[in-house]
Amino acid sequence: MSALTGSTGREGRRSILPWLAVPALLFFVGFAVVPLVGVFVLSFTTWDGIGTIHPSGLTSWRAVLTNPGLPHALWVTFLVMAVSWAVQTPASILLGTFLAGRQRYRAVLSLIYFVPLLLSSAAIAVAYRALLDPNFGLGAGLGFEWLSKDWLGRPWLAFGVVVFVVSWQFVPFHSLIYQGGVQQIPQSLYEAAQLDGAGQIRQFFSITLPQLKYTIITSSTLMVIGSLTFFDLIFVLTEGGPGDATRVLALDMYKRGFQADLMGPASAIAVILVLMGLAIALLLRRLGGRDAGESQLEGV
């Protein structure tokens, strides 16, 4: 009788589970699928953002794909993506591993390190633009000549500043992800390594890094996909300059749509960004998603 009651209860819970996903599904459709379909349709039209929308076929797509500035914007976008990933990932892993310790002061430091993520990207850009001003910034105020350079007026310096500011803002978030990943590693692995005479550096490369494989994939996916949408920080900090040195694809989309009133080409660029994000996410998923899913199922 109890077994029959238990099976009936499990079947009842299973029948309820699909309905629990309905609110999330409606939210996703309303705020993700519908706008995406609208942008896709808008990319085949001509519209200045105010007047009447006129269907124009592939006119907007031809204008975007034949524009000589598109390859450069793609190159800058991928460069920001790659360099920021190369800077943020090692820093996040090391900081997350350090913060995973049990000491109280590390918990306090984790709260302090998390502060940059709470700030607005526009506010951070305004602050750094003021600090790096060669005439009135931090270098001029403290008398440091090496800080009094024209950081935002030279292409490679401006690019380096963008990567540094992006990393400064988002390293805390990814450090939190790695901190949770390190805390999930069984302590028995480290105890066995200590009995074998392995030091902390050997333990880090032989235990911590291999155990963080899927955490690295998750963090990298968020990091890379997020880098495709960098706009407000770059817009306030450099406005894509000097020249087009920091003009990423998202900024190019804004300038076409809201400064040049070309909503059709801007929508086409938005579709390109979405396709790029999906392709990169699927690629990263292929790197370790199947094994990760199997390991998670085994854990359940």
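Residues numbered from 1 in each chain as written. Predicted model: local features only at pLDDT ≥ 70, side-chain atom pairs only at ≥ 80, totals over all residues. Heavy atoms only, no water.

K.L.:
What exactly am I supposed to notice about the overall build of the chain here?
P.N.:
Helices and strands together make up the secondary structure of the chain, namely 15 helices and 2 strands. Projected onto the principal axes, the alpha-carbon positions of the chain cover approximately 70 × 60 × 30 Å. Scored against the burial criterion, the 300 residues of the chain give a buried share of 35%. Sequence separation of 24 or more characterises 66% of the internal contacts of the chain that already satisfy a separation of 6 or more. (Helix = DSSP H or I, 4+ residues; strand = E, 2+ residues; numbered from the N terminus. Buried < 20%, exposed > 50% of the residue type's maximum accessible area, 1.4 Å probe, protein only. Contact = heavy atoms within 4.5 Å.)

K.L.:
Where do I start with the packing of helix H4 (residues 69–99) against helix H12 (residues 213–227) in this structure?
P.N.:
Describing two packed helices takes the angle between their axes plus the distance from one axis to the other. H12 packs onto H4 with a crossing angle of 145° between their chain directions and a minimal axis gap of 10 Å. At the point where H4 passes H12, the crossing takes the right-handed sense. Taken together, the residues of H12 that come into contact with H4 (itself represented by Met81, Ser84, Trp85, Gln88, Thr89 and Ile93) are Ile216, Ser220, Met223, Val224 and Ser227. Its residues assigned to classes, the contact of H4 with H12 shows 6 nonpolar, 5 polar and no charged. (Axes fitted to C-alpha atoms, helices over the stretch in contact; angles between N-to-C directions. Left-handed = near helix turned anticlockwise from the far one by under 90°. Nonpolar A, V, L, I, M, F, W, Y, C, P; charged D, E, K, R; others polar.)

K.L.:
Would you explain the environment of Ser220 in this entry?
P.N.:
Secondary-structure assignment places Ser220 in helix H12. Under the relative-accessibility criterion, Ser220 is labelled buried at 5%. As a C-alpha pair, Ser220 and Trp85 span 135 residues in sequence and 7.2 Å in three-dimensional space. The contact partners of Ser220, leaving out residues within four places of it in the chain, are Trp85 and Leu284.

K.L.:
I keep staring at the side chain of Thr89 and nothing clicks. Help me out?
P.N.:
Checked against the element boundaries, Thr89 lands in helix H4. A distance of 2.9 Å separates a polar side-chain atom of Thr89 from the backbone oxygen of Trp85. Apart from residues no more than four positions distant in its own chain, Thr89 is found in contact with Tyr178 and Met223. (Polar contact = N/O pair within 3.5 Å; in protein donor to acceptor, adjacent residues only side chain to side chain.)

K.L.:
In this structure, what is going on with unusual backbone geometry? I would like to understand it.
P.N.:
Most peptide bonds adopt trans geometry, and most residues besides glycine take a negative phi value. Cis geometry marks the peptide bond from Gly241 to Pro242, where omega comes out at 0°. Considering the arrangement of structural elements, one finds Pro242 in the loop between helix H13 (232–237) and helix H14 (249–259). With a phi close to 55°, Glu239 is a non-glycine residue in the positive phi region. A positive phi angle, near 55°, is found at Asp261, a position not held by glycine. By the secondary structure assignment, Asp261 is in the loop between H14 and helix H15 (263–299). You can call Asp261 partly exposed: its relative accessible area is 40%.

K.L.:
Just checking my understanding: could you explain the pattern of salt bridges for this structure?
P.N.:
Side-chain pairs of opposite charge can arise where the charged atoms are in close proximity. Evaluated as defined, the whole model comprises 3 salt bridges. Across the pair Asp252 and Arg256 runs a salt bridge whose closest N-O atoms are separated by 3.4 Å. Of the two residues, Asp252 and Arg256 are both situated in helix H14; the distance of 4 residues between them amounts to about one turn of the helix. This pair shows no difference in class: Asp252 is buried, exactly as Arg256 is. Here the residues in one salt-bridge network are Asp244, Arg247, Asp252 and Arg256, joined through shared partners. (Salt bridge = Lys/Arg side-chain N within 4 Å of Asp/Glu carboxyl O.)

K.L.:
Sorry if this is basic, but what is going on with the nonpolar core here?
P.N.:
Where a protein is soluble and globular, its nonpolar side chains tend to be buried together. Val80, Val161, Val165, Leu233, Ile234, Leu237 and Val248 are the most contacted members of the largest nonpolar core, which totals 22 residues. Going through the elements one at a time, H4, helix H7 (121–131), helix H9 (155–183) and H13 are the ones with two or more residues in this core. For this core, the element with the highest residue contribution is H9, accounting for 6 residues. Filtering out sequence-adjacent residues up to four positions away, Val248 remains in contact with Ala73, Val76, Thr77, Val80, Phe230 and Ile234. (Core = buried A, V, L, I, M, F, W, Y, C linked by side-chain atoms within 4.5 Å.)

K.L.:
It is not clear to me how the packing of aromatic side chains should be interpreted in this structure. Could you clarify?
P.N.:
Enumeration over the complete set of coordinates arrives at 12 aromatic pairs. For the pair Tyr128 and Trp168, a centre-to-centre distance of 5.6 Å together with 75° between the ring planes defines the contact as edge-to-face. Of this pair, Tyr128 sits in helix H7 while Trp168 is found in helix H9, placing the two residues 40 residues apart along the sequence. Joined through ring pairs, the aromatic side chains of Phe231, Phe235, Tyr254 and Phe258 make up one cluster. (Phe/Tyr/Trp six-rings, centres within 6.5 Å; stacked < 30°, edge-to-face > 60°.)

K.L.:
Could you clarify how one ought to interpret the UniProt feature "transmembrane region" (unreviewed entry) in the chain in this entry?
P.N.:
In the numbering used here, UniProt assigns the "transmembrane region" (unreviewed entry) feature to residues 20–42, 73–99, 111–131, 151–171, 214–237 and 262–284. Spanning residues 151–171, this segment combines 81% helix with 0% strand, and its end C-alpha atoms are found 22 Å apart. End C-alpha atoms of residues 262–284 are separated by 33 Å, and the span's content is 96% helix alongside 0% strand. (UniProt positions renumbered as here; feature names shortened; annotations may be inferred.)

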